Amino acid sequence: MRAIAAALLGALLLTPPTSGQSRDLRVVEVFDYDCSSDIGRRKTTLFANGTIRVRRWADDEEQQMLLKELNPDELRGFVNRLREIDLSESEESRASPAGEWIQKCELVLDLYYDQPPDEDREAQPNRFRFGRYDSVSLSLSRVIGVAEEVSLWAEERAIVADFPPGYEPSPGDVLERQDGLLFEVIAFTSDNRGVELWGVDQPLVVYVLREELIGEFIRVVDSRARP
């Protein structure tokens, strides 16, 4: 019965919500701000549950991941500031000099993730591409400023996610969650998309999508299953 119940729970957690269900805010991206050049990359993502994730790469290898949780008031403050900006008439950026040191950026916004569709509102998400030193519209410049502020806010207060480069979970690995609780990797869902973990000190069973594992958890405490 335990195995059946666990399988049903995993299926429920991993099944995308229907149109009548609320979205899982842990995976909904309010914005994703990605800047890269030939020598490095930084990607800042603000999730609708208040998690900020900052990832940095150098020479195509991920060097660092930072995580920070906003409280509801802090999240609402950033989202409201972004919603106040009128992006309906944002123009394409005017190109500036380019080179291997000059970053190219993409900013994707989904600011109305928590509201029903509105015919008077532009389709979401909004997507903008620009060079780091391009001349952009005032409204887009304000959005970029908020995204930079979120990134800096996280970098000053964040928890560092310390996983080996290219980490893939294995049964027996013990991971530390952001709240300090330890969980052991037990198995994978039948479609191999989800990871089943059991609490080490508390009787908890959780299911996490593979791509969301680093974010929910911050480091590998023990990798007993590995040679």
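Refer to the preceding data block for the structure.
Along each chain, residues carry numbers from 1 onward, in the same order as the chain's sequence is written. Whole-chain, interface and lining totals are the exception, using all residues; otherwise, since this is a predicted model, local features are given only for residues with pLDDT of at least 70 and side-chain atom pairs are given and counted only at 80 or more. Based on all heavy atoms of the structure, the side-chain values leave hydrogens and waters out of the count.

Our next topic: the nonpolar core. Phe31, Tyr33, Ile52, Leu107, Leu109 and Phe130 are the most contacted members of the largest nonpolar core, which has 32 residues in total. Going through the elements one at a time, strand S1 (29-36), strand S3 (51-58), helix H2 (72-83), strand S5 (104-109), strand S6 (126-131) and helix H3 (138-157) are the ones with two or more residues in this core. It is H3 that contributes the most residues to this core, eight residues altogether. Contacts were defined at the residue level, with two residues in contact if any of their heavy atoms lie within 4.5 Å. Not counting residues up to four positions away in its chain, the partners in contact with Phe31 are Thr44, Thr45, Leu46, Leu82, Leu107, Val108, Leu109, Ala147 and Val150. Residues belong to a common nonpolar core when they are buried Ala, Val, Leu, Ile, Met, Phe, Trp, Tyr or Cys residues joined through side-chain atoms within 4.5 Å. Residue exposure (1.4 Å probe, protein chains only): buried if accessible area is under 20% of the type maximum, exposed if over 50%, otherwise partly exposed. Helix numbers and strand numbers start at the N terminus; a helix is a DSSP run of H or I with at least 4 residues, a strand a run of E with at least 2.

Pairing in this open sheet of five strands is antiparallel, and the strands run S11-S10-S9-S8-S12 from one edge to the other. Among the strands making up the open sheet, the edge pair consists of strand S11 (205-209) and strand S12 (217-223). When the angles between neighbouring strand axes are averaged without regard to direction, this sheet yields 35°. One requirement defines pairing of two strands: DSSP has to find at least two bridges between them. Here strand S8 (residues 173-177) pairs with strand S9 (residues 182-188) via three bridges, running antiparallel. Bridged to Leu175 within S9 is Phe183. Axes here refer to lines fitted to C-alpha atoms; in helices the fit is confined to the stretch in contact. Angles between the N-to-C directions go from 0 to 180 degrees.

Aromatic contacts are taken between Phe, Tyr and Trp rings whose centres are within 6.5 Å, Trp giving its six-membered ring; a plane angle under 30 degrees counts as stacked, one over 60 as edge-to-face, and the others as tilted. Taken as a whole and assessed by the stated rule, the structure comprises two aromatic pairs. Seen from their ring centres, Phe163 and Tyr167 are 5.1 Å apart, and the 45° between their planes marks the pair as tilted. A single burial state applies to Phe163 and to Tyr167, both of which are buried. With a centroid separation of 5.7 Å and an interplanar angle of 80°, the aromatic rings of Phe183 and Phe217 are classed as edge-to-face. Of this pair, Phe183 sits in strand S9 while Phe217 sits in strand S12, and the two are 34 residues apart along the sequence. The ring of Tyr113 carries Arg83 above its face, with NZ or CZ at 5.9 Å from the centroid. In this scheme, Lys NZ or Arg CZ marks a charge over a ring once it lies within 6 Å of the ring centre and within 35 degrees of the ring normal. Looking at Arg210, its charged tip hangs above the ring of Phe188, at a distance of 4.4 Å from the centre.

Before going further, it helps to examine the environment of Leu87. Mapping Leu87 onto the fold places it in the loop between H2 and S5. Among the residues examined, Leu87 registers a relative accessible area of 10% and is labelled buried. Along the sequence, Leu87 and Ser137 sit 50 residues apart, while their C-alpha atoms lie 9.1 Å from each other. Beyond its immediate chain neighbours, meaning those up to four positions away, Leu87 contacts Leu109, Asn126, Phe128, Ser139, Leu140 and Val143.

A few words on H3. The α-helix advances 3.6 residues per turn, and as a result positions three or four apart in sequence lie on the same side. The terminal C-alpha atoms of H3 lie 29 Å apart, and with 20 residues this matches the ideal 28 Å at 1.5 Å per residue to within 8%. Along H3, the residues that are buried comprise Ser139, Leu140, Val143, Ile144, Val146, Ala147, Val150, Ser151, Trp153 and Ala154. Helix span is expected to be 1.5 Å times the residue number reduced by one.

Let us now look at the state of the cysteines. Working definition: a disulfide is two cysteine sulfur atoms within 2.5 Å of each other. Using the criterion set out here, one finds one disulfide in the structure. Shown here is the disulfide that connects Cys35 with Cys105, its sulfur atoms set 2.1 Å apart. Handedness here is read from the sign of the S-S torsion; for Cys35 and Cys105, about 115°, the answer is right-handed. Of the two residues, Cys35 is situated in strand S1 and Cys105 in strand S5; the sequence distance between them amounts to 70 residues.

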